[in-house]
Amino acid sequence: MAKKKFKAESKRLLDLMINSIYTHREIFLREIISNASDAVDKLCYRALTDQSVGMGRSDFAVTITRDPENRLLTVSDNGVGMTEAELEENLGVIAKSGSLDFKKNIPESDVKEGEALPVDIIGQFGVGFYSAFMVSDKVTVVTKAYGAQKAYKWESEGADGYTVTECEKETVGTDVVMHIKPDAEEEDYSRFLDEYTIVNLVKKYSDYIRYPIKMDRERSVRKEESPDDKPEYEKITEIETLNSMVPIWQRSKSELTEEDLNGFYRDKFDDFEPPVRAIHVDAEGAVSYRALLYIPAKASYDYYTKEYKKGLQLYSSGVLIMERCEDLVPEHFRFVRGVADSPDLSLNISREMLQHDRQLRVIASNIERKIRNELLKLQKDDREGYEKFFAQFGAQLKYGVPGDYGANKDTLKDLLIFSSSDSDKMTTLAEYRARMKEDQKDIYYATGDSVALIKALPQAERLLEKGYEILYFTHEVDEFVANTLREYDEKPFKSVNRDELGLDSEEEKEAAKKQEEESRPLLDFVKETLGERVREVKISRKLRSRPVCLSAGEALSFEMEKYLSAVQPDMGAKADRILELNAEHPVFEKLGKLRESDPEKAGRYAKILYHQAELMAGLAVEEPGEYSELIFSLM
Ligand code: ADP
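Description of the structure in this document. Quick caveat, the model's predicted, so the values are computed rather than measured.

## A word on the sheet that holds strand 1 (residues 62–67)
Now for step 1: The 8 strands are arranged 5-4-3-6-2-1-7-8 in an open sheet whose pairing can be described as mixed. With one partner strand each, in any of the chains shown, strand 5 (162–167) and strand 8 (233–241) form the two edges of the open sheet. Averaged over all adjacent pairs, the angle separating strand axes in this sheet is 20 degrees, with direction ignored.
Now for step 2: Looking at chain direction, strand 2 (residues 72–77) and strand 6 (residues 173–180) are connected through 6 bridges and run antiparallel. By the bridge assignment, leucine 72 is partnered in strand 6 with histidine 179.

## Description of a nonpolar patch on the surface
Now for step 1: A cluster of nonpolar side chains, Phe632, Leu634 and Met635, forms an exposed patch at the surface whose accessible area comes to about 400 Å².
Now for step 2: Assignment of secondary structure puts phenylalanine 632 in helix 21 (residues 624–634).
Now for step 3: Classification of phenylalanine 632 by relative accessible area gives exposed; the value is 54%.

## Some points on the pattern of salt bridges
Now for step 1: Per the counting criterion, the structure on display carries 43 salt bridges.
Now for step 2: For lysine 223, the salt bridge identified is with glutamate 232, shortest N-O distance 3.6 Å.
Now for step 3: Its salt-bridge partner being glutamate 600, residue arginine 604 comes within 3.0 Å of it at the nearest N-O pair. Linking arginine 604 with glutamate 600, this pair stays in helix 20 (residues 599–616), spanning 4 residues, or about one helical turn.
Now for step 4: Taking relative accessible area as the criterion, arginine 604 reaches 28% and is therefore assigned partly exposed.
Now for step 5: Connected through shared salt-bridge partners, Arg66, Glu195, Arg217 and Glu240 make up one network.

## Structural notes on the sheet that holds strand 22 (residues 577–581)
Now for step 1: Taken together, the 3 strands give an open sheet; going across it, the order is 20-22-21, and neighbouring strands pair in mixed fashion. Each of the sheet's edge strands pairs with one partner strand only, and the pair in question is strand 20 (536–539) and strand 21 (548–552). Each strand axis lies, on average, 30 degrees off the axis of its neighbour in the sheet, ignoring direction.
Now for step 2: In this structure, strand 20 lies alongside strand 22, joined through 4 bridges in parallel fashion. Bridge pairing links isoleucine 539 to leucine 581 in strand 22.
Now for step 3: The sheet contacts of helix 20 involve strand 21 and strand 22, and relative to strand 21 the element is tilted by about 60 degrees.

## Things to note about the nonpolar core
Now for step 1: Counting 65 residues, the largest nonpolar core has Leu328, Phe335, Phe389 and Leu397 as the members making the most contacts within it.
Now for step 2: The element that contributes the greatest number of residues to this core is helix 9 (residues 358–381), accounting for 7 residues.
Now for step 3: Summarising the domain contributions, this core has at least three residues from each of domain 2 (248–381) and domain 3 (396–495).
Now for step 4: With sequence-adjacent residues up to four places away left out, leucine 397 is seen in contact with His332, Phe333, Phe335, Tyr386, Phe389, Phe390, Leu412, Leu415 and Leu416.
Now for step 5: The next biggest cluster of nonpolar side chains, apart from the first, holds 38 residues, and it includes Ile64, Val135, Val141 and Val164.

## A short note on the packing of aromatic side chains
Now for step 1: Tallying each qualifying case throughout the model produces 23 aromatic pairs.
Now for step 2: Ring plane angle 20 degrees and centroid distance 5.7 Å describe the contact between tryptophan 154 and tyrosine 162, whose orientation is recorded as stacked. The burial state of tryptophan 154 is the same as that of tyrosine 162; both residues are buried.
Now for step 3: Seen in terms of ring centroids, tyrosine 445 and phenylalanine 473 are 4.6 Å apart; in terms of plane orientation they differ by 15 degrees. Their pairing is stacked. A residue pair is termed long-range when its members are at least 10 positions apart, and tyrosine 445 in strand 16 (residues 443–447) and phenylalanine 473 in strand 17 (residues 470–473) qualify at 28 residues. Neither residue differs from the other here; tyrosine 445 and phenylalanine 473 are each classed as buried.
Now for step 4: Directly above the ring of tyrosine 303 sits arginine 334, whose terminal nitrogen or CZ lies 5.7 Å from the centroid.

Reading the values: rules and limits
- Position numbers for residues count from 1 along each chain, tracking the sequence in the order it is written.
- Only residues with pLDDT of at least 70 are given local features in this predicted model, and only at 80 or more are side-chain atom pairs given and counted; all residues enter the totals for whole chains, interfaces and linings.
- Water and hydrogen atoms play no part in the side-chain values, which are based on all heavy atoms of the structure.
- Two strands pair under a simple rule: DSSP has to find at least two bridges between them.
- Helix and strand assignments come from DSSP, with helices taken as H or I runs of at least 4 residues and strands as E runs of at least 2, each series counted from the N terminus.
- Lines fitted to the C-alpha atoms define the axes, with helices restricted to the stretch that makes contact. Angles between their N-to-C directions range from 0 to 180 degrees.
- The patches reported here contain residues having more than 30% relative accessible area and no salt bridge. Joining distances are 9 Å for like charges and 5 Å for nonpolar side chains (Val, Leu, Ile, Met, Phe, Trp, Tyr).
- We get accessible surface area from the Shrake-Rupley algorithm with a probe of 1.4 Å; when it comes to residues, only the shown protein chains can shield them.
- Salt-bridge detection follows one rule: a side-chain nitrogen of Lys or Arg within 4 Å of a carboxyl oxygen of Asp or Glu.
- In this scheme, a residue with accessible area under 20% of its type's maximum is buried, one over 50% is exposed, and one in between is partly exposed, where area comes from a 1.4 Å probe on protein chains only.
- Whether two residues are in contact is decided by their heavy atoms: any pair within 4.5 Å suffices.
- The set of buried Ala, Val, Leu, Ile, Met, Phe, Trp, Tyr and Cys residues whose side-chain atoms join them within 4.5 Å is what this entry labels a nonpolar core.
- Throughout the structure description, domain borders are defined by an automatic or database domain assignment.
- Two aromatic rings from Phe, Tyr or Trp, using only the six-membered ring of Trp, form a pair when their centres are within 6.5 Å; if the ring planes differ by under 30 degrees the pair is stacked, by over 60 it is edge-to-face, and anything between is tilted.
- We call a charge positioned over a ring when the NZ of a Lys or the CZ of an Arg lies within 6 Å of the ring centre and within 35 degrees of the ring normal.

Right, here's the structure in full:
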């Protein structure tokens, strides 16, 4: 009998599939089982309204038969089956849903005759029926359509064509018989005939298929009549359902143990560290959905790289629609892993349509709220656990505050924790706020590369002396967070590096003004000596034990200057520098006297003081040559 040819492009694709050095050959079983389940769906649906089908929900099943001796693996279903015309139409062309996507999405340049397909491409799109050829050198499909008298057999050994002949088949449905390839260097094909491999593959890929997937399994049982002291065993074969059918997230909360939830996470997301939290959502309302969300204990190795993709697996009633639906988790919670399932979503929805889907947006905002609440709960109930979580993903939350023009700041502000001068523990903004002194107007923060450096800041002294708490900002984004929030519970953020801290009473201000006038000649002298390097030289009102400090003007802070010059060196971002002198310090008096007796030396001292101030502010000395010379001359 003459072989029929596959359509041209189908042939080429099939060729590629057969020859591809593809490491995920095992997905063929998922594809074949999913087709079987679809066919069962169709007949089952019909049976609901049409009495004459004569079958009930529980009669439908998919059956796997192994025949290692003859190297045959068969997937049978009692679904709608195919007519002769459908066989031709469906299996003669690769132009059906999954395969169509597949074709569209591979650039021509990627498809070269006889070469392997890029691995992820096959993994990304369902490759459908033809994937059977990744493990078989011949595939036979025997099928009888519902309502038809005759049965047909489709057979193919690969790219050179297929035959369709009439055959005998009693029952309605389809058998896909795969003639498994002999073992080869690149693959141990025999494993696809092995009982345990099949069981595991079904569990892995087809566990939530809504119909039972059955297979004969061998078990050894004790012979009943065998004596207790000398038990004898025999092998029996029993048909067993391999899939759980009900996805874990469809089960009720009370039924699930922590072990169930964590085990699912481990298997699904390949993370052997148990998650910090598992969130089980069962939402009913305008949009019903169920979800299992996980907060991982550790950032994966690629988490802070472009390789990492956020998103949840999206199902509609247990059928996977999208492997990674990005729109379901906001950027600031991108570390969350999990699945969402809503019967309200249409199965045939495309990626583009999903983005505009109202129901999906409702689910997404709901999920965001759930995650936030869970994190707040963790923060309250298990602070140590929360600090660990924050060490992993806190930066993500912080970047979320200035991100998107601050749109998410209110969602995130209470999730943030910072080190502070209060204790070794980290503090939330609410806790800081609650500890604020009655007369304290601002939330003070100090920036620096480390807590140790910040503690050495001269500016902090006066604040600490007054009993005011200072937040320690050691992360590059911290100050952007403060600038975006502006205030917390009506208290504005204020940097201790700023020149005006607003701490003084009226009397203190008066006294300072007087002192400033008296010291005018010295201040002018220092300003003249330093020139453009500083915007202003003034008497400090925050210093205690140290003679000088440098503070920034109102516009840019030192931290931002450092950050901006790192990311955009050409911009020349520079904070205004204000040199503050401590009039109570012996150095001040000495400098004043020296100005009169030896102005040259006084000038050199002024410069040294300026460079010291630069260092204490955590800045690089701008003229290291000059600085070294000055120190040498001093010695
Ligand atoms: P897809 O499943 O993405 O449409 P496939 O290449 O897997 O693409 O299958 C092509 C078509 O063949 C299916 O759409 C279906 O109509 C038909 N088909 C495959 N397997 C079966 C089966 N077991 N029973 C009935 N029809 C089937």
